[in-house]
Amino acid sequence: MANVTEGGHHLDLKKLSYMGVLVSLGIVFGDIGTSPLYVMKAIVNARKDASMPFDAYIEGAISCIIWTLTLQTTVKYVIIALRADNKGEDGILALYSLVKKLKKKWLYVVAIIGASTLVADSVITPSLTVMSAIEGLKIYNPETPVVIITIFILFIVFVVQQFGTASIGKLFGPIMVTWFLALGIFGSVHIVDHLEILKAFNPIYAYNLITHSPSAIVIMGAVFLCTTGAEALYSDLGHCGAKNIRVSWIFVKVMLVLNYLGQGAWILGNEKLVHTSGMNPYFGI
């Protein structure tokens, strides 16, 4: 059970509390919180045809993001998956310990596949996230050694992990609060430039993009990057508790949506710049 000592008192992080929510922000939402770094750039690059007007394309893409975060992350993970615990513990192996009692040998295959996808995600996500962040330095210095810096940062991160999730969450919690506030604020500033981006809340725009764009599969592949790290909501259930994760997700989702809307509005006002320079919309706002 994840616990932390504060002011001489032993706190159970699985119970809803200020510290529990702060620790959740520090260890659960790092991956999904950095998705805005690369999602919109991938979506812009995924547009291979001009059959759909650019404005409609961007509005449809933002709509896909909003409803993916709603259906995939909020409904699937926050509402449903967080209920599927094994005495408060989480993860594919915790679930397997429940179903193995059925004595079905094919369940071993399911467990292997589940563990493999977990390992694959653990390898891909950190490198993709850190590299996307470091690439922003190229705006100031095109010769920035992105790969070397990324390796160094990942090395430090993995060394620090030995101190336990509670300690790390307590340390990074305030940092993540600042990060998400920055995402929301910078996104909100640009929404007012093109208020029509708010039409993205209407799922019909997502439907039109998916059904009318010849490259819909490629586009959705880019859209699903917005849920990168969403599995952490479930895999960290044993550390933080469902209530803390659910409460913190409300704040996180609002900030993410504001940022994506802001990036979409910025793209609408800088279409030529996006196409000619290939500039990352995140760094544009």
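To be clear, the structure that these remarks concern was listed above.
Note that this is a predicted model, so its numbers are computed, not measured.

Here is what the cut-offs are and how they apply
Residues numbered from 1 in each chain as written. Predicted model: local features only at pLDDT ≥ 70, side-chain atom pairs only at ≥ 80, totals over all residues. Heavy atoms only, no water. Helix = DSSP H or I, 4+ residues; strand = E, 2+ residues; numbered from the N terminus. Buried < 20%, exposed > 50% of the residue type's maximum accessible area, 1.4 Å probe, protein only. Contact = heavy atoms within 4.5 Å. Areas by Shrake-Rupley, 256 points an atom, 1.4 Å probe, with all protein chains shown as cover. Phe/Tyr/Trp six-rings, centres within 6.5 Å; stacked < 30°, edge-to-face > 60°. Lys NZ or Arg CZ within 6 Å of the ring centre and 35° of its normal. Core = buried A, V, L, I, M, F, W, Y, C linked by side-chain atoms within 4.5 Å.

Caption draft 1: Here's a closer look at the overall build of the protein chain. The secondary structure content of the protein chain amounts to 15 helices and two strands. Counting over 285 residues, the protein chain shows a buried share of 45%. Excluding contacts between residues fewer than 6 apart, the proportion of contacts in the protein chain whose partners are at least 24 apart in sequence is 78%. When the accessible area of the protein chain is evaluated, it comes to approximately 14700 Å², of which 70% is carbon and sulfur surface.

Caption draft 2: Inspection of the environment of I168 at higher detail. Its place among the elements puts I168 in helix α8 (residues 165–191). Given a relative accessible area of 14%, I168 falls into the buried group. Separated by 141 residues in sequence, I168 and I27 have C-alpha atoms that sit 7.1 Å apart. Sequence-distant contacts of I168, defined by excluding residues within four places in its chain, comprise I27, V160 and Q161.

Caption draft 3: Fine view of the side chain of T74. Tracing the backbone through its elements, the reader meets T74 in helix α4 (residues 54–80). The exposure class of T74 is buried, given its relative accessible area of 16%. Once you skip the residues sitting within four places of it in the chain, T74 turns out to touch L69, I79, W249 and K253.

Caption draft 4: A look at the packing of aromatic side chains. Inspection of the entire model under this criterion finds four aromatic pairs. Arranged with centres 6.0 Å apart and planes meeting at 20°, the rings of F29 and W249 form a pair that is stacked. Here F29 is found in the loop between α1 (18–27) and α2 (30–33), whereas its partner W249 is found in helix α13 (residues 242–269), with 220 residues between them in sequence. With respect to class, F29 is no different from W249; both count as buried. Pairing F180 with F251 gives two aromatic rings, centres 6.2 Å apart and planes at 80°, and the pair type is edge-to-face. Here the residue F180 occupies a position in helix α8, and F251 occupies one in helix α13, the gap between them amounting to 71 residues. Looking at F180, the relative accessible area reads 0%, which means it is buried. Three or more aromatic residues joined by ring pairs form one cluster here, namely W179, Y282 and F283. A cation over an aromatic ring shows up here: R47 above the ring of Y57, its NZ or CZ 5.6 Å from the ring centre.

Caption draft 5: Inspection of the environment of F224 at higher detail. Note that F224 resides in the loop between α10 (216–223) and α11 (232–235). Linking F224 and I65, residues 159 residues apart in sequence, is a C-alpha distance of 7.6 Å.

Caption draft 6: Region of the structure containing the nonpolar core. Within the largest apolar cluster, 66 residues are counted, with the highest numbers of intra-cluster contacts made by F29, I62 and I65. In terms of residues, this core owes the most to one element, α13, which gives 13 residues. Ignoring any residue separated from it by four or fewer positions in sequence, one finds I62 in contact with M40, I197, A200, Y260, L261 and G264.

Spatial relationships are all this shows, so hold off on functional conclusions.
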